[in-house]
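# Observations on the model geometry
Spelled out from the first residue to the last, the chains are:
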Amino acid sequence: MPPFTSITIIGAGNVGSHLGRALAAVGQPVLEVFSRDKGKAQSLAAEIGAQPQSELAQLSAAADLYLLAVSDDAIGLVAADLCAHLPSGKAVAHTSGGTPSEVLAAHFQRYGVFYPLQTFSRERETDFSAVPLCIYSPNSSFEAALLALAHRLSRSVYRIDDAQRAVLHVAAVFVNNFANQLFHFGQQIVEQEKLPFDLLRPLILETARKVQDADPQAMQTGPARRGDAETIRRHLDYLQKFPELAQVYEIMTERIMGSA
Ligand SMILES: NC(=O)c1ccc[n+]([C@@H]2O[C@H](COP(=O)([O-])OP(=O)(O)OC[C@H]3O[C@@H](n4cnc5c(N)ncnc54)[C@H](OP(=O)(O)O)[C@@H]3O)[C@@H](O)[C@H]2O)c1
């Protein structure tokens, strides 16, 4: 028997959309999809066989889990609004890596976290069955139900408490957001020189592939790792036309040399 008979998704952005599709794909009924944007609520709801809703006050109280896939800063506000309209016994979980579960505690007795550790963009397909799901609730029976739901969606499920999730999220910012920003810097350089970014894409892919079964530090290559001072000097000369990138280059070069 499924851990929840019906689920309502609040937020039809990147995570709300992926979560909705993943729930529908395993036959988990989604009752309603809420977005302040009527069109977004309608399009996701139609895709996954749910009802659209754009007024929080109009949400049905019939769902037994409310998943808040809204921006981090809106979680507390939306929970406060929601609790004014729902019976206090309802169960609520948010999907944020960087937000403590306690932001929900003032509003609901059964609260928790359903954090998918992946980068999601609404328009890109993601194999949800491979996404690590980090689950937590201070209420053990609710946590067991969230874990059971997570196991229906993914083969990679972890119980991760608030303190663990907070540090995991810092690490995730480094390997995802910062790495992606570095890809963007590389793109700026090649585009400045009228070279195609496609030249760098296989390198990006192999860098990510290597660390799937090896230690990132052991896999480091390049001038800083080898201590090729003349090459580094030539790179810094070139980067005079990108002073901000030169700063990043120097910091990263020092870090790589320091950890060699
Ligand atoms: N994207 C990722 O890769 C990722 C991965 C793991 C976890 N997360 C977490 O998942 C959550 C959602 O992230 P996302 O990337 O899906 O964000 P997103 O695409 O920007 O979507 C955020 C949603 O929040 C809604 N929202 C914002 N403020 C609101 C308010 N005051 N009242 C009601 N709704 C409000 C937006 O509604 P409107 O459309 O009406 O503006 C939108 O549907 C965040 O907690 C994030 O930390 C994200």
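Overview of the structure. Fair warning: this is a prediction, and the values are worked out from it, not measured in the lab.

Procedures and definitions
- Residues numbered from 1 in each chain as written.
- Predicted model: local features only at pLDDT ≥ 70, side-chain atom pairs only at ≥ 80, totals over all residues.
- Heavy atoms only, no water.
- Helix = DSSP H or I, 4+ residues; strand = E, 2+ residues; numbered from the N terminus.
- Buried < 20%, exposed > 50% of the residue type's maximum accessible area, 1.4 Å probe, protein only.
- Contact = heavy atoms within 4.5 Å.
- Areas by Shrake-Rupley, 256 points an atom, 1.4 Å probe, with all protein chains shown as cover.
- Lys, Arg positive; Asp, Glu negative; His and termini not counted.
- Charge placed at Lys NZ, Arg CZ, Asp CG, Glu CD.
- Near = heavy atom within 4 Å.
- Polar contact = N/O pair within 3.5 Å; in protein donor to acceptor, adjacent residues only side chain to side chain.
- Nonpolar A, V, L, I, M, F, W, Y, C, P; charged D, E, K, R; others polar.
- Pairing = 2+ DSSP bridges.
- Right-handed = clockwise from strand over helix to strand, strands pointing away.
- Axes fitted to C-alpha atoms, helices over the stretch in contact; angles between N-to-C directions.
- Parallel < 35°, antiparallel > 145°, perpendicular 65-115°, else oblique.
- Left-handed = near helix turned anticlockwise from the far one by under 90°.
- Core = buried A, V, L, I, M, F, W, Y, C linked by side-chain atoms within 4.5 Å.
- Salt bridge = Lys/Arg side-chain N within 4 Å of Asp/Glu carboxyl O.

In terms of helices and strands, the protein chain carries 9 helices and 8 strands. For the protein chain, the spread of C-alpha atoms along the principal axes amounts to about 70 × 35 × 30 Å. Counting only residues that meet the buried cut, the protein chain has 37% of its 260 residues in that class. Of the contacts made within the protein chain by residues no fewer than 6 positions apart, 58% connect residues no fewer than 24 positions apart. In the structure as shown, the protein chain presents an accessible area of about 14,500 Å², 53% of it carried by carbon and sulfur atoms. With 22 positive and 27 negative side-chain charges, the protein chain shows a separation of 3 Å between the mean positions of the two kinds.

Attention shifts here to the site of the ligand. The ligand sits among 22 residues. The nearest are Val 15, Arg 36, Lys 40, Asp 72 and Phe 120. One of the side-chain N or O atoms of Thr 95 is found 3.0 Å from an oxygen atom in the ligand. In the model, an oxygen atom of the ligand is placed 2.8 Å from a nitrogen or oxygen of the Phe 120 main chain. Taking 890 Å² as the accessible area of the ligand by itself, protein coverage stands at 76%. The residue makeup of the shell around the ligand, split by class, is 9 nonpolar, 9 polar and 4 charged.

Right, let's get into the pairing of strand β1 (residues 7-10). With burial as the criterion, each face of β1 is covered, one bearing Ile 7 and Ile 9 and the other bearing Thr 8 and Ile 10. Sheet topology note: the β1/strand β2 (residues 30-34) ladder contains 4 bridges and is parallel. Along β2, the bridge assignment pairs Ile 7 with Val 30. Read as a crossover between parallel neighbours, the route from β1 over helix α1 (residues 14-25) to β2 is right-handed.

Axis separation between helix α5 (residues 162-192) and helix α9 (residues 243-258) bottoms out at 12 Å; the angle between their running directions is 130°. Here α5 is positioned oblique relative to α9, judged by the angle of their axes. Remark: the crossing between α5 and α9 carries left-handed chirality. Only Leu 245, Val 248 and Met 252 of α9 make contact with α5, whose side of the interface consists of Leu 182, Phe 185, Gln 188 and Ile 189.

Here Leu 19 is to be found in helix α1. Sequence separation between Leu 19 and Ile 9 is 10 residues, and the spatial gap between their C-alpha atoms is 8.4 Å. Each residue touching Leu 19, except ones within four places of it in the same chain, is listed here: Ile 9, Leu 67, Thr 95, Phe 114, Phe 128 and Leu 153.

Attention now goes to the sheet that holds β1. Taken in spatial order, the 8 strands of this open sheet run β3-β2-β1-β4-β5-β6-β7-β8, and their pairing is mixed. Edge positions in the open sheet fall to β3 (51-53) and β8 (157-159), since each of these has one partner strand only. Going from strand to strand, the sheet's axes swing by 25° on average, the running direction of each strand aside. Sheet topology places β1 next to strand β4 (residues 65-68); 4 bridges connect them, and they run parallel. When the bridges of β4 are listed, Ile 9 appears paired with Leu 67. The strands touched by α1 are β1, β2, β4 and β6 (110-116); relative to β1, the strand with the most contacts, the crossing angle is about 160°.

Looking now at the nonpolar core. By size, the foremost hydrophobic cluster in this structure holds 30 residues, and its most contacted members are Leu 65 and Phe 114. Where this core is concerned, the elements lending two or more residues are β1, α1, β2, α2 (38-48), β4, β5 (91-94), β7 (133-136) and α4 (140-153). Ranked by residues supplied to this core, first place goes to α4 with 6 residues. Not counting chain neighbours up to four residues away, the residues in contact with Leu 65 comprise Phe 4, Ser 6, Ile 7, Thr 8, Ala 91, Val 92, Ala 93, Phe 142, Leu 146 and Leu 149. Counting 17 residues, the second-largest nonpolar core is a separate cluster that includes Leu 56, Ala 79, Leu 86 and Leu 104.

Tallying each qualifying case throughout the model produces 8 salt bridges. Where Arg 159 meets Glu 143, a salt bridge forms, and the shortest distance between an N and an O atom there is 2.8 Å. Residue Arg 159 is located in strand β8, and its partner Glu 143 is located in helix α4; the two are separated by 16 residues in the primary sequence. On the accessibility criterion, Arg 159 (45% relative accessible area) is partly exposed. On the accessibility criterion, Glu 143 (8% relative accessible area) is buried. Where salt bridges share partners, they join Glu 230, Arg 233 and Asp 237 into one cluster.

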